[in-house]
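Observations on the three-dimensional arrangement
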Protein chains: 6
Amino acid sequence: MRADDRDKKEELRETVIETDYLKHPEGSVLIQVGDTKVICSASIEERVPPFLRGQGKGWVTAEYAMLPRATAERNIRESSKGKVSGRTMEIQRLIGRALRAVIDLHSFGERTIWVDCDVIQADGGTRTAAITGAFVASTMAFSRLAQKVDLPTFPIVDYLAAVSVGIDNEGGVMLDLCYEEDAAAAVDLNVVMTNAGQFVEIQGTGEEATFSRGQLDEMLILAEKGIQQLIGIQKNVLETSGGTLPKSAGGGEHA
Amino acid sequence: MRADDRDKKEELRETVIETDYLKHPEGSVLIQVGDTKVICSASIEERVPPFLRGQGKGWVTAEYAMLPRATAERNIRESSKGKVSGRTMEIQRLIGRALRAVIDLHSFGERTIWVDCDVIQADGGTRTAAITGAFVASTMAFSRLAQKVDLPTFPIVDYLAAVSVGIDNEGGVMLDLCYEEDAAAAVDLNVVMTNAGQFVEIQGTGEEATFSRGQLDEMLILAEKGIQQLIGIQKNVLETSGGTLPKSAGGGEHA
Amino acid sequence: MRADDRDKKEELRETVIETDYLKHPEGSVLIQVGDTKVICSASIEERVPPFLRGQGKGWVTAEYAMLPRATAERNIRESSKGKVSGRTMEIQRLIGRALRAVIDLHSFGERTIWVDCDVIQADGGTRTAAITGAFVASTMAFSRLAQKVDLPTFPIVDYLAAVSVGIDNEGGVMLDLCYEEDAAAAVDLNVVMTNAGQFVEIQGTGEEATFSRGQLDEMLILAEKGIQQLIGIQKNVLETSGGTLPKSAGGGEHA
Amino acid sequence: MRADDRDKKEELRETVIETDYLKHPEGSVLIQVGDTKVICSASIEERVPPFLRGQGKGWVTAEYAMLPRATAERNIRESSKGKVSGRTMEIQRLIGRALRAVIDLHSFGERTIWVDCDVIQADGGTRTAAITGAFVASTMAFSRLAQKVDLPTFPIVDYLAAVSVGIDNEGGVMLDLCYEEDAAAAVDLNVVMTNAGQFVEIQGTGEEATFSRGQLDEMLILAEKGIQQLIGIQKNVLETSGGTLPKSAGGGEHA
Amino acid sequence: MRADDRDKKEELRETVIETDYLKHPEGSVLIQVGDTKVICSASIEERVPPFLRGQGKGWVTAEYAMLPRATAERNIRESSKGKVSGRTMEIQRLIGRALRAVIDLHSFGERTIWVDCDVIQADGGTRTAAITGAFVASTMAFSRLAQKVDLPTFPIVDYLAAVSVGIDNEGGVMLDLCYEEDAAAAVDLNVVMTNAGQFVEIQGTGEEATFSRGQLDEMLILAEKGIQQLIGIQKNVLETSGGTLPKSAGGGEHA
Amino acid sequence: MRADDRDKKEELRETVIETDYLKHPEGSVLIQVGDTKVICSASIEERVPPFLRGQGKGWVTAEYAMLPRATAERNIRESSKGKVSGRTMEIQRLIGRALRAVIDLHSFGERTIWVDCDVIQADGGTRTAAITGAFVASTMAFSRLAQKVDLPTFPIVDYLAAVSVGIDNEGGVMLDLCYEEDAAAAVDLNVVMTNAGQFVEIQGTGEEATFSRGQLDEMLILAEKGIQQLIGIQKNVLETSGGTLPKSAGGGEHA
């Protein structure tokens, strides 16, 4: 039995993605992974940053934040501190890189997609939930854009989801760690993958600990299983919400 | 007919307050006023800021922020800019002062109540919705505190709610302006009142315009009506959620 | 008898406005309200901020600061702290809004008026003294501008002055609070009005206290009286200094 | 004839020092050197910075700033920029070092003297005027302190004044440069000296130019003459205002 | 043939570690990996950060920076920008975590080891060179500490080195990428390992690309080979310099 | 005998300048003055700051920093603190001004020379070593530029070097103070001179002390001697490295 009453090491937490959660953004979702809740929105801006101007391609950038009381103890706001923490920067750089791996930047003109991931309640796995939700919000935003303007091809080339795996103090691997498990884990590995089973990002860290090649292999297999389930949920949500599917999924046409 | 299809100048937007919206804070609500949605949480910290130490009294402080895409156009995050805007400071100072007017700082020991108001969707009146919601979140937090520790008296001395009133370009007054009305208004007045009908704060501003004494009187009457309705909603919510009622309402006892 | 030896509740402190106090600005005054002393200067810049370019209208913006030892205890400089306090932001936003209510932004081309209010000695009422003084400095700057370039109409449409009123701990109202009175007051209300008797801004705050409608009415009447006296002083000063009078005062012509 | 109508190269501008210019500080002056006007205040704080605690000695620190419109063109406030410029830091470090050279830090207990020099109007020589004025403000503050508490000896050990000298584009030396002269000068030398004729600080800079040993000697002689005159003015002012004179001047006793 | 004239995909660049490079730090090295040069210093501070006080354990923290002209184009200094970039934060967090995995925090008292990695010349692989060099600098610092004070056990428990591996655009893997290779690579993987062959950290990123499980396996094998060579160099250097060897290497005794 | 075992008061420390120390900058040196080591690099940027655009002249600007452990105790990084200290600003302004005095800004087009002086080990005299080294780095950069593009004349008009002199506690003068001497000195004077014997900058400071005209004269003579020796070393290094000599040295031609 796991910390949050799941039966098995390889069980995902219940994951629900609600689309069009907010009124203003071109795409938005509330993703809930167990008690972790993240609002992901995708905003389309009709220009690119200066370093890209005139190249005929677009850009995708991400920001991540937590409400002060998303956590068990209140955190000081980063706006009050006047600077963004290293952890936040690391996560928002990760989300942006991950999305760019499945978005064809040459297919939607000189536009910027701003992806905002705001954690309103945290119980472990906020960065992976943010990626999984941001993928759906971005796809919804591109679906809207494709209805308004003529795009050469649908910009999303494959599904993308992320999950954490870890090793507990007795050396056992487990999927989708809740906060209590994460805090106690010896090793924490975040994996971002596509529907085609390709890795986009792996970040594995021993927390004052190390891990063997065998343990890494076990974790990667578990992660792949979890990600396939998450992509199943994404497919469902996109079809139900009228989002366009990725090209690789025979998509690029309106669902 | 008003911009958002309300019939009358003196009609409030539909207002819903959902308590215990978040898992971690001592008190939390999601308040919806029309399309304006604000998460208010109240956190209890077991100490006071340095300037108050050793005086045996508590403190209440508030912070306010918006998600970047709470609005029709995306706003740059204040954490990315590295500083809090004047508008944000003005609003969070207002929320804090308003709450302190109905909270007896001598009744809950050397503790700080952190009130966080995060606008997830904005359609006018975010600061007044924040005050109305923050009152309920704070009352819930004090209710929890009163169950855990012995307080000499229940700290909330009266109900508190806030509403905006304004004057349109033809000189007519109106209650509870949505964004479209607010942007077009010649005068904007925010009023914070108690159930006893006492003013806590009034802030009236001509936007490149001015207003007469007669218009001020009309607006104040309208505001008072709106606030009485809002307090009715607060009472309902607190009774349903098992929150303690303010002392002035025959409360201070568990509802 | 009041804290600073004034006889009556409705008595203003002695108010003196010295024009052309500084050599470089287009308009400048030293305003003294009792022991409160503020240098107000109005600088004309031959361009507007980016958001206004090409619209053929001007802009008015204000900044406010205190010398570190304007007060009984030395304050840390905001430049040393690296950020402007919420109080400062609130005040400079108020001064700018107030001035814009009586300045016709379409009448002086694409220019920015920078109004700087620097408190060199503080004894209560610094924000209202700043507004009253800034009005004269701005009028002097526009008078100079009108002599140099052809303006379609004189930009100042009416007189503008500000005063504070308050309620002491026994519930009595009083006009133009000095620091000692302000620190002890239960309620503090700042009022900005025109010569035509129109309100531009009212900001009333209970300091851990509340106020009734009757008390508000009393305060508003007192404030209006005080403002009429201040506008009398402004008229005198402008006529003596050769400043142009507002249009509403039969002005817009050189005095 | 010089830029500001002085006859001679070795002529100081008219220099006036008004003591007790502000109500709150322990010592304060308005110093006018030609059109340059600086408010200098000296505040006594009853503690020292952490690095000095427990050593039984005091500290003297200085800050310098300009009002935005002290100059012909408006400068952006350093508080708005969020940082202090290199020029400001350089000047305030200079003022602090200069004062510490004539103040016996062991003679006034664990106290900090905060010296604030705020330029309200600038016409060249603001840093030297600040030093000359700050000396008087500090002496007045110590005089007050000496009346209230028992000091082992009067902390001011000698007079201190500062002046600028320079070389114009034809190679001629001149004393006490106004802004127009300073802007055109090839070399600028600031000298801080005591009444005993000792140097405290010399800072000479070729502005995209150089200077010979002979020119340096000429400038130093001119500076010394100017400083003797300034010290004469300081003596006069201190005697008139009831300030205590420096020990070296047979002082340390009340004037 | 590779971009920098190495023959083979599995060839490390020439790596030289010079110990005691600086005079002041307790441990310091200059590490050169091809044209990449990093100064690593380890400083021992006799206290821990507040969150660890009183727990009887130590702390290891790292900072990373580049000289502005370490790169082909000059970079703006982070001190001038007033903030540390996301890339810098990510790297210094990585270095700190990596070192903490092989340092027994309970073995050297309440002390902080500050590890500073300053890149003076960059040609790819600066973060991995920094880790490899920082390990030696830290070991030297602990060797010095162990000579001065009594430690229960030598704090370094195993060797630690890091290397990058990548996939070029034709899908081939390669070890220890120089800048030109790194800029062109489709995938970049940084691996940190111990002498025992345990992973401490793996960070693999597709740069607008993805990678298969087979490619990941190939890269991990290559990385392990490279790291064994780097640890060989570290052993050599430590023995020559009189540093203490890690416990796992039969060390903990003076070499 | 001096603190670092030099025999005489007028003896320079051993000074070595290694050119082309870094691979990327147009000019770079490592200068060692005793145990003080500074990396100076000169980077050429093909544009000037906004305030100079279109004037057909170039600009020279300098930045200065220390590695955190360049000193006996570790200093906090200025990038971590988020601001540059007053000392750093003062030094980098000095280096820039000094270089501009011997560089003809009209001779190298609209280009900016960025001079970066990074102290990797400090033992007193870092600012003077930085100037002496920066001169060589800049000359090397201009030599490279002159080989690539046609310059009307070689921009360096004369040699430039800097040295410190001081007065110890017994009143004796000494040349080129090491850290221990500097910390104990009563007076510290930094002198920047050309080969022609002209002063570019003198900055003399009594550290809670003063100095007489006679002492100043003694120090200036000692400084001039030291600077002539340093310029001899610069000549040697430039000739050996193939740098172009200054025009005044019969140079401007390739050595």
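From a predicted model like this one, the values you see are computed outputs, not experimental measurements.

About the thresholds
Residues numbered from 1 in each chain as written. Chains lettered and ligands numbered in written order. Predicted model: local features only at pLDDT ≥ 70, side-chain atom pairs only at ≥ 80, totals over all residues. Heavy atoms only, no water. Helix = DSSP H or I, 4+ residues; strand = E, 2+ residues; numbered from the N terminus. Expected span 1.5 Å × (residues − 1). Buried < 20%, exposed > 50% of the residue type's maximum accessible area, 1.4 Å probe, protein only. Phe/Tyr/Trp six-rings, centres within 6.5 Å; stacked < 30°, edge-to-face > 60°. Least-squares fit on C-alpha atoms with pLDDT ≥ 70 in both. Contact = heavy atoms within 4.5 Å. Buried area = accessible area lost by both parts, 1.4 Å probe. Salt bridge = Lys/Arg side-chain N within 4 Å of Asp/Glu carboxyl O. UniProt positions renumbered as here; feature names shortened; annotations may be inferred.

Here we look at helix H2 (residues 86-100) of chain F
Every α-helix winds through 3.6 residues per turn, so residues three or four apart in the chain are directed the same way. An ideal rise of 1.5 Å per residue puts 21 Å on 15 residues; H2(F) measures up with 21 Å between its terminal C-alpha atoms. With 13 of 15 residues buried, H2(F) is to be regarded as a mostly interior element.

Notes on the packing of aromatic side chains
All names here are of chain D. Applying the stated criterion across every chain, the model contains 24 aromatic pairs over all chains. Aromatic pair phenylalanine 108 and phenylalanine 142: ring centres 4.9 Å apart, planes at 65 degrees, arrangement edge-to-face. One end of the pair, phenylalanine 108, is in the loop between helix H2 (86-100) and strand E5 (112-121); the other, phenylalanine 142, is in helix H3 (residues 126-148), and 34 residues separate them in sequence. Note on accessibility: phenylalanine 108 and phenylalanine 142 belong to one class, buried.

Digging into the relation of the copies chain E and chain A
The transform that puts chain E on chain A rotates by 180 degrees and translates by 0.0 Å along the axis, for an RMSD of 0.0 Å. Interpreted geometrically, this transformation is the action of a two-fold axis. Measuring from the rotation axis to each C-alpha of chain E, the shortest distance belongs to Gln203(E), at 2.2 Å. Both copies share a contact surface, since 100% of the interface residues of chain E are interface residues in chain A too.

Here's the deal with unusual backbone geometry
Even without being glycine, Asp5(B) reaches a positive phi, approximately 75 degrees. Topologically, Asp5(B) is positioned in the segment before strand E1 (15-19). Its identity is not glycine, yet Asp20(D) carries a phi of approximately 50 degrees, on the positive side. Structurally, the position occupied by Asp20(D) is in the loop between strand E1 (15-19) and strand E2 (27-33). Take Asp20(D): its relative accessible area is 39%, and that puts it in the partly exposed class.

Details of the interface of chain E and chain A
Interfaces are frequently sized by the accessible area removed from exposure as the parts join. Residue-level contacts link 33 residues of chain E with 33 residues of chain A. When chain E packs against chain A, close to 2,900 Å² is buried across both sides, 52% of that on carbon and sulfur atoms. Connecting chain E to chain A are four salt bridges. When the shortest N-O distance is used, the salt bridge between Arg213(E) and Asp217(A) registers 2.6 Å.

Focus: the UniProt feature "domain: Exoribonuclease phosphorolytic" (unreviewed entry) in chain A
Residues and elements named next belong to chain A. The sites that UniProt annotates as "domain: Exoribonuclease phosphorolytic" (unreviewed entry) are residues 11-137 and 158-225. The distance separating the terminal C-alpha atoms of residues 11-137 is 25 Å; by composition the span is 24% helix and 31% strand. Within residues 158-225, the helical portion is 28% and the strand portion 40%, while the C-alpha atoms at the span's ends are 17 Å from each other.

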